[in-house]
Amino acid sequence: MNAARLPLVDEPTLWDALPGMALRLSDTGQTLQVNRAFTDFIRSQPGGRGGSLWLDALASESRAALLDALAQRRDFRLQLRFATNESDARWVDCTAKWLAPPGQFLCLWHDVTNARQSELSARARAELLTLLADSVPALIAYYDASNFACVFANSRYAAMFGWDGQSIVGHTVAEVIGEDAAREIQPQVDRVLDERLAATYERELSTREGKRWIEVNLLPHLGEHGAPVGCFVLISDITKHRMAEIAARESEERLAKFMQASAEGIVFHKDGFITDANPPLCQLVGYTLDEIMGRKTLEFIAPDHVAKVASVIASGQETAYESVVIDKQGQRIPVEFIVRTMLRNGERMRMTIVRDLRDRHAAQARIHHLAHHDTLTGLPNRASFMEHLEHLIAGARVGGSQLALLFIDLDHFKRVNDSLGHLVGDTLLRTVAARITVSLRATDIVARFGGDEFMVLLPAFAQRADVEEVAQKLLQAIEAPVNAEGRPISVTASAGVALFPSDGESSQEMIKHADTAMYLAKARGRAQHCFFDPAMASSAYAALVMEGELAHALERDEFELHFQPQVSARDGSIVGAEALIRWRHPARGLLPPSDFIALAEQQRLMLPIGQWVLRESVRCAIRWHAMGLAVAPVAVNLSTMQFQSRGFVESVAQLLKEEGADGRLIELELTERMLMEDLPEVTAKLNQLAALGIRVSVDDFGTGYSSLGHLKELPIDKMKIDGSFVKDLPGERGSAAITRAIIQMARSLGITAIAEGVETEAQRSFLALNGCDELQGDLISKPLDAAAFEAWVVARRSLR
């Protein structure tokens with residue numbers, strides 16, 4: 001393309017006087033004539049000075065558009081841009097008129113740079129405002145008041161109702177939000193248009209994401225005469241707030257229901273002042289809700305516990321601790337506080353659960369008492385006495401003082417039980433315990449050591465004669481007749497005395513020597529006391545206990561087994577039996593194990609006796625199995641000596657092999673104390689027995705010191721509730737609580753619970769109702785010899 005140079009204008013003409021830029025162009029872009037205004041403008045542009053071609057100063061797109069329009073040979077109008085970038089750009093508005101003759105364009109130019117820049121600035125501002133509107137966390141729209149059509153909406157607003165920022169424009173409110181919603185908000189719209197006031201309301205929406213809550217603000221846009229021309233809409237999504245309010249309200253409702261339903265006291269307090277409490281709390285302290293509302297919490301705390309409670313309140317810590325409250329009558333009530341901080345009704349306050357500990361403390365005290373005291377006489381038991389003895393020996397050793405230990409055993413006490421029954425025997429034991437107690441000083445200690453055995457410990461005596469005087473006094477008190485069932489009975493007692501430190505340096509030695517002295521007193525005719533004498537002890541002791549007779553009892557086949565049935569508490573069906581040894585003494589008749597087992601253990605005769613019991617039990621179980629009596633397993637009591645003997649498990653396995661018996665036919669009963677001695681070895685033995693199919697039962701459960709943490713780790717199949725607890729059922733509260741606890745513990749551990757010593761229908765009913773699995777006792781049947789037991793089982797089965 002050839003572009004003409006600007007022709008020179010030598011003198012002012014009418015052409016130069018035109019109020020703007022003018023030029024004549026050919027259809028190819030050749031410049032035919034320009035006025036001075038055009039020349040000045042072109043020379044002010046980059047590349048337009050010094051006679052340069054003016055077309056080169058145009059931006060490429062403008063030059064192309066101009067040449068294309070010229071080639072069309074008809075009128076046109078264009079905007080042309082000079083310069084290569086936006087910052088230096090100059091814009092002109094070109095209006096061109098095609099003149100057929102002489103075949104050229106007459107063009108008028110106007111500089112529109114300022115207008116164009118204003119337009120661009122306005123567009124940039126509009127884009128910025130749109131970006132801002134789309135970026136704020138709110139929904140924004142503007143509607144025309146005349147036709148309720150949307151003029152503008154940010155992206156959030158449009159998306160909320162299923163549109164986008166372009167498609168929503170021009171649509172009415174009803175089309176955007178729906179006819180029903182439009183009718184619902186119409187009163188608010190009318191207020192804005194009629195009263196020219198802002199309106200605010202909340203609305204619930206159903207969206208694909210679920211329910212949402214919005215807060216809508218309508219702001220009128222008033223024209224210059226005060227008439228509404230439009231309405232600004234500002235919407236905030238308040239779903240999170242509403243959900244939080246709903247959750248808080250539901251939480252409050254749940255809390256209110258919990259407070260009313262809870263059996264434990266609950267109190268709310270703020271800054272140490274009570275704001276609310278439930279009925280159990282009011283019942284606990286004896287006040288109505290109105291009487292405690294607004295009062296300080298510390299007013300209800302025992303004075304010696306105020307500092308602790310005040311410290312917890314001040315610290316704001318969440319904790320649990322024991323304390324004491326004072327009720328309306330001024331009585332102290334032990335409680336446990338469980339303290340938490342929480343929001344209630346929008347306020348941060350403290351919630352305290354107040355748990356009444358009276359029953360728990362009573363049960364703990366009862367359990368502690370039972371663990372350390374004999375249930376029949378109320379005296380300290382063997383374990384408690386041993387603690388006292390060891391403590392006093394340690395003190396006497398340090399202080400250089402003396403102690404006297406009296407081992408008292410009732411003479412022929414078995415005759416009382418056999419002839420008059422255990423109830424009379426128990427009455428006699430309680431009477432003897434009371435008489436011994438009142439005959440001693442407050443500093444002396446008395447304990448029931450075993451069946452009819454009592455221990456008396458005299459600390460810090462002056463001389464041997466003082467001890468002898470006390471021994472005589474005690475024996476005389478015991479001999480006094482006792483009224484039993486309307487007739488007087490009396491028993492004598494024998495006592496053995498050992499002195500510290502002359503007769504022993506340890507508790508074991510003291511007891512052993514006092515025991516030896518007691519048997520020496522019996523050997524001398526009973527009803528007397530005897531001090532330990534090392535020179536005479538061995539022969540006297542051996543003579544008394546009939547060691548030789550016991551040693552020959554097995555050879556002479558003088559032992560026999562009796563069996564006491566064990567039945568299901570649910571339906572009374574027989575589930576097993578306990579084997580009980582008896583000694584048919586050639587001179588003294590049938591002797592219970594209490595008359596000879598202790599002696600057999602002392603003389604290590606228990607090993608062969610225990611092995612005989614086990615073998616005979618297995619043989620009976622095999623015979624009954626063959627007869628179809630289904631009496632299995634047969635429970636056998638193990639002595640500590642037998643269980644701890646070397647090769648015990650191997651001997652049991654050999655016995656089963658020799659007799660051709662299945663281990664499931666027998667059950668071994670061990671005491672709690674046996675289970676807790678050398679725990680790793682005990683565990684290993686029990687696992688070996690379990691591998692043989694033999695079941696293991698814990699005898700007299702609840703009277704020992706077993707660790708429940710260890711007990712649950714042992715392979716135990718059954719717990720036997722001690723008869724001392726069963727005896728007081730169902731009336732005695734402590735025994736009932738302990739029995740329930742043992743049954744529940746057994747059920748939780750998957751262990752069978754059996755109760756021994758069941759003698760009354762009331763006891764049977766209580767045990768059955770509380771989930772005890774099996775029962776044993778005189779109510780079902782007394783112990784029977786093998787023949788009588790077989791007949792009992794057959795008769796029992798025929799009745800079912």
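Note that the coordinates shown come from a computational prediction; the quantities given were computed from them, not determined experimentally.

K.L.:
What is the right way to look at the overall build of the protein in this model?
P.N.:
Within the protein, the secondary structure is distributed over 29 helices and 32 strands. Sorting the 800 residues of the protein into buried and exposed places 45% on the buried side. Counting only contacts in the protein whose residues sit at least 6 apart along the sequence, the fraction spanning at least 24 positions is 54%. Accessible surface, the protein as shown: approximately 40200 Å² in total, 53% of it carbon and sulfur.

K.L.:
Sorry if this is basic, but what is going on with the packing of aromatic side chains here?
P.N.:
Any aromatic ring pair is given by two values, namely how distant the centres are and how the planes are angled relative to each other. In total, this model carries 22 aromatic pairs according to the counting rule given. Ring plane angle 80 degrees and centroid distance 6.1 Å describe the contact between Phe385 and Phe449, whose orientation is recorded as edge-to-face. Of this pair, Phe385 sits in helix H12 (residues 382-399) while Phe449 sits in the loop between strand E17 (445-448) and strand E18 (453-459), and the two are 64 residues apart along the sequence. Connected via pairs of aromatic rings, a cluster forms that spans Phe38, Phe41, Trp54, Phe82 and Trp109. Sitting above the plane of the Phe449 ring, Arg382 keeps its charged end 3.9 Å from the centroid. The ring of Phe531 carries Arg464 above its face, with NZ or CZ at 3.9 Å from the centroid.

K.L.:
Please clarify how helix H1 (residues 36-43) should be interpreted in this entry.
P.N.:
Helical periodicity: at 3.6 residues per turn, an α-helix aligns residues three or four positions apart in one direction. All buried positions along H1 are accounted for by Phe38, Thr39, Phe41 and Ile42. Viewed along the axis of H1, the buried residues span an arc of 165 degrees, placing them on a single side of the element. For H1, the secondary structure elements touched by its buried residues are strand E1 (21-25), strand E2 (31-34), strand E3 (76-82), strand E4 (90-99) and strand E5 (104-111).

K.L.:
Got a minute to help me understand helix H13 (residues 413-420) in this structure?
P.N.:
Listing the buried residues of H13 in full gives Phe413, Lys414, Val416 and Asn417. The buried residues of H13 all sit within an arc of 160 degrees when viewed along its axis, so they share a single face. Away from the buried face of H13 by more than 90 degrees, exposed residues Arg415, Asp418 and Ser419 are located. Packed against the buried residues of H13 are strand E16 (403-410), helix H14 (422-438), strand E20 (487-489) and strand E25 (589-591).

K.L.:
Please clarify how the sheet that holds strand E7 (residues 150-153) should be interpreted in this entry.
P.N.:
Strand-to-strand pairing in sheets goes through backbone hydrogen bonds, with the strands running parallel or antiparallel. Read from one edge of the open sheet, five strands run E7-E6-E10-E9-E8, paired in antiparallel fashion. The sheet is open, and its two edges are formed by E7 and strand E8 (199-207), each paired on a single side. Across the sheet, the mean angle from the axis of one strand to that of its neighbour is 25 degrees, orientation sign disregarded. Sheet topology note: the strand E6 (residues 139-144)/strand E10 (residues 228-237) ladder contains six bridges and is antiparallel. The partner of Tyr142 across the bridge, within E10, is Phe232. Packed onto the sheet, helix H6 (residues 179-195) meets E8, strand E9 (210-222) and E10 and runs at close to 165 degrees relative to E8.

K.L.:
How do you make sense of the pattern of salt bridges when you look at a structure like this?
P.N.:
This structure, assessed with the given rule, holds 42 salt bridges. Between Asp237 and Arg212 there is a salt bridge, and its shortest N-O distance comes to 2.7 Å. In this pair, Asp237 is assigned in strand E10 and Arg212 in strand E9, connecting sequence segments 25 residues apart. Asp237 sits in the partly exposed class, given a relative accessible area of 33%. Where Arg615 meets Glu659, a salt bridge forms, and the shortest distance between an N and an O atom there is 2.8 Å. Here Glu659 lies in helix H22 (residues 648-659) and Arg615 lies in helix H20 (residues 606-627), a separation of 44 residues in the sequence. A single network of salt bridges, built from pairs that share partners, joins Arg615, Glu616, Arg619, Glu658 and Glu659.

K.L.:
Which parts of the structure should I look at to understand the pairing of E18?
P.N.:
The side chains of a regular strand alternate between both faces of the sheet. Summarising burial for E18: seven of the seven residues are buried, a large majority. Here E18 shows two buried faces, one formed by Glu453, Met455, Leu457 and Pro459 and the other by Phe454, Val456 and Leu458. Pairing analysis gives seven bridges linking E16 to E18, with the strands arranged antiparallel. Looking across to E18, one finds that Phe407 is bridged to Met455. Here four bridges tie E17 to E18, and the two strands are oriented antiparallel to one another. In the strand pairing of E18, Val446 is matched with Val456.

K.L.:
Explain the sheet that holds strand E22 (residues 529-531) to me, please; I cannot follow it from the model alone.
P.N.:
Across the sheet, which stays open at both edges, the five strands sit in the order E17-E18-E16-E21-E22 with mixed pairing between neighbours. Two strands in the sheet have a free side with no partner beyond their single neighbour: E17 and E22. In this sheet, adjacent strand axes meet at a mean angle of 20 degrees when their direction is disregarded. Packing against the sheet, H12 makes contact with E16, E17, E18 and strand E21 (493-500), and its axis sits at approximately 25 degrees to E18.

K.L.:
Help me understand unusual backbone geometry in this model?
P.N.:
Of note, the amide linkage connecting Pro101 to Pro102 takes the cis form, showing an omega dihedral of 20 degrees. In the segment running from Ala632 into Pro633, the intervening peptide bond is cis, with an omega of 5 degrees. With respect to the secondary-structure elements, Pro633 resides in the loop between H20 and strand E26 (634-637). Phi is positive for Ala460, close to 55 degrees, though the residue is something other than glycine. Note on placement: Ala460 falls in the loop between E18 and helix H15 (464-479). Residue classification places Ala460 among the exposed residues on the basis of a relative accessible area of 52%.

K.L.:
It is not clear to me how the side chain of Glu453 should be interpreted in this structure. Could you clarify?
P.N.:
With respect to the secondary-structure elements, Glu453 resides in strand E18. Summary of buried charges: Glu453 has no salt-bridge partner, and the nearest side chain of opposite charge, Arg382, is 4.5 Å away. If we skip the residues at most four places from it in the chain, Glu453 touches Arg382, Phe407, Ile408, Asp409, Ala447 and Arg448.

K.L.:
What is the right way to read the packing of H22 against helix H24 (residues 679-691) from this model?
P.N.:
When two helices pack together, their arrangement is given by the angle between their axes and by how far apart the axes lie. At a closest axis distance of 10 Å, the pairing of H22 and H24 adopts a crossing angle of 10 degrees. Here H22 is positioned roughly parallel relative to H24, judged by the angle of their axes. Facing H22, whose interface residues are Phe648, Val649 and Val652, H24 presents Lys685, Gln688 and Leu689. The residue inventory of the contact of H22 with H24, partitioned by class, reads four nonpolar, one polar and one charged.

K.L.:
When you look at the environment of Val169 in this model, what are you seeing that I'm missing?
P.N.:
Locating Val169 in the fold gives a position in the loop between helix H4 (155-160) and helix H5 (173-177). Along the sequence, Val169 and Tyr142 sit 27 residues apart, while their C-alpha atoms lie 9.6 Å from each other.

Cut-offs applied
Residues numbered from 1 in each chain as written. Predicted model: local features only at pLDDT ≥ 70, side-chain atom pairs only at ≥ 80, totals over all residues. Heavy atoms only, no water. Helix = DSSP H or I, 4+ residues; strand = E, 2+ residues; numbered from the N terminus. Buried < 20%, exposed > 50% of the residue type's maximum accessible area, 1.4 Å probe, protein only. Contact = heavy atoms within 4.5 Å. Areas by Shrake-Rupley, 256 points an atom, 1.4 Å probe, with all protein chains shown as cover. Phe/Tyr/Trp six-rings, centres within 6.5 Å; stacked < 30°, edge-to-face > 60°. Lys NZ or Arg CZ within 6 Å of the ring centre and 35° of its normal. Arc of directions from axis to C-beta. Pairing = 2+ DSSP bridges. Axes fitted to C-alpha atoms, helices over the stretch in contact; angles between N-to-C directions. Salt bridge = Lys/Arg side-chain N within 4 Å of Asp/Glu carboxyl O. Lys, Arg positive; Asp, Glu negative; His and termini not counted. Parallel < 35°, antiparallel > 145°, perpendicular 65-115°, else oblique. Nonpolar A, V, L, I, M, F, W, Y, C, P; charged D, E, K, R; others polar.

Function cannot be read off these values alone, since they describe shape.
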